Amino acid sequence: MAAPLTVMQQAAKSYFYVVIWMSISMAVILFNKYILAYSGFGYPIALTLWHMVFCTTVATLAVRVLGVTKRLHMPQKEYINRVIPIGALYAASLWLSNSAYLHLSVSFIQMTKALMPGLVYMCGVFFAMEKLSTTTSVNMLIIAFGVAIAAYGEINFVWLGVAEQLSALVFEAMRLMLVQVLITRQGYSMNPIQSLYYVSPACAACLALPFVAVELPAILANTALVINYPMLLLNAVTAFALNLAVFLLIGKTSALTMNIAGVIKDWMLIFASQHLFGNSVSFLNYLGYVIAFLSVGMYNYNKMKQMKQKEQSSSKDRESGKAQLLGEEGGGGGDSKDGPGGQGAPGGA
């Protein structure tokens, strides 16, 4: 039997998964920006659809041919009611977030992502997964205020891109909540390959219609378009790796760890995009994002405190239950001994 990991080993293992996720996530974001804004392939729906088709193909081979993991016993009605809505929201989120790269800088897009905890919190309150709290609500308002300052100071501000990015964040927050409501609550626990196997086809199906209606005619009409197939294949591989890395990080650490690491990753992307793409970042950009960054940090800190308090409360309840059970067993044993003795005394007299 393997010896348990020390605290330092566990920390090193967690940091390893964080670094892997951050590296792949940054690579996908910068890669997508390059393809959509600089390579001449400005078709976000087509790129997102290609990602989902690739993920579906690889996941299907892994499940049905290689037998890497088993399929879930999910009836067709359950799939339609639970997985299709998640796939639709995921498709909308990916489509709109990729579309935003056509209009906004990577730096500003990363700054808007500070709104994500607030949007997830609002969706959680709506779906009764979170309790409405004055402290948390004020925290979210401060985050929104910081992002508003960053938006006001954005040099290359484009309303269409901002609308696409904010809509993408809303759809992603709704998707995360539906995963808990429709999947987790119903006992459908999925590993990374299973998640891609079930969600990717639904996502691809939802993207197919807008692709045929909006982008396919433009692609066919663009006679000057030169498609770099090896580059698109490499891009799809990195997107697939990112999906696996997300589930791996949450499975080996926690969603809170991913949120904290995400804030650090956003800072790194802001500086990286300045050097790679020459994105200009103003003083108001930095000021607004620092306000939002500190508020997100406070939210994560409060969330961590709540989790620890809940864990301590559960531990105390378990210990109390054990003590009560032992007390009842001890009391019951005493009664059984006294009973025969009490009955025997009158009989002996």
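A short tour of the structure in this document, coming up. (Residues numbered from 1 in each chain as written. Predicted model: local features only at pLDDT ≥ 70, side-chain atom pairs only at ≥ 80, totals over all residues. Heavy atoms only, no water.)

**What to know about the overall build of the chain**
Across its full length, the chain carries 11 helices and zero strands. Traced from its N-terminal end to its C-terminal end, the chain shows the element sequence α-α-α-α-α-α-α-α-α-α-α. Relative to its full complement of 349 residues, the chain shows a buried share of 42%. Residue pairs at least 24 apart in sequence account for 86% of intrachain contacts in the chain once pairs closer than 6 positions are excluded. Here the chain has roughly 19300 Å² of accessible surface; of this, 67% comes from carbon and sulfur atoms. (Helix = DSSP H or I, 4+ residues; strand = E, 2+ residues; numbered from the N terminus. Buried < 20%, exposed > 50% of the residue type's maximum accessible area, 1.4 Å probe, protein only. Contact = heavy atoms within 4.5 Å. Areas by Shrake-Rupley, 256 points an atom, 1.4 Å probe, with all protein chains shown as cover.)

**Topic: helix H6 (residues 134–152)**
What sets the pattern is the α-helix's 3.6 residues per turn: residues three or four places apart point alike. Over its 19 residues, H6 runs 27 Å from end to end, which matches the ideal 27 Å to within 8%, given 1.5 Å per residue. Backbone nitrogen of Thr135 and a side-chain oxygen of the N-cap are separated by 3.4 Å at the start of H6; the cap is Ser133. (Expected span 1.5 Å × (residues − 1). Polar contact = N/O pair within 3.5 Å; in protein donor to acceptor, adjacent residues only side chain to side chain.)

**Remarks on the pattern of salt bridges**
Using the criterion set out here, one finds two salt bridges in the structure. Among the ionic pairs, Glu78 bridges to Arg82, the shortest N-O distance being 2.8 Å. With Glu78 and Arg82 both in helix H3 (residues 76–100) and four residues apart, this pair spans about one turn of that helix. Here Glu172 ties to Arg175 by a salt bridge, and the two come within 2.8 Å at their closest N and O atoms. Remark: Arg175 and Glu172 occur in helix H7 (residues 159–184); sequence separation between them is three residues, near one turn of the helix. (Salt bridge = Lys/Arg side-chain N within 4 Å of Asp/Glu carboxyl O.)

**Brief notes about the packing of helix H2 (residues 44–65) against helix H8 (residues 192–221)**
Viewed as axis vectors pointing N to C, H2 and H8 meet at an angle of 150°, and their least axial separation amounts to 7 Å. It follows from the interaxial angle that H2 and H8 lie roughly antiparallel. Of the two elements, H2 crosses H8, and the hand of that crossing is left-handed. Here the contact of H2 with H8 is built from residues that sort into 21 nonpolar, four polar and two charged. (Axes fitted to C-alpha atoms, helices over the stretch in contact; angles between N-to-C directions. Parallel < 35°, antiparallel > 145°, perpendicular 65-115°, else oblique. Left-handed = near helix turned anticlockwise from the far one by under 90°. Nonpolar A, V, L, I, M, F, W, Y, C, P; charged D, E, K, R; others polar.)

**Examining H3**
With 25 residues, H3 extends 35 Å between its outermost C-alpha atoms, agreeing within 8% with the 36 Å of an ideal straight helix rising 1.5 Å per residue. Residue Val83 marks the point of greatest curvature in H3, where the axis turns by about 35°; the proline Pro85 follows within four residues. (Bend = angle between axes of the 7 residues up to and from the residue.)

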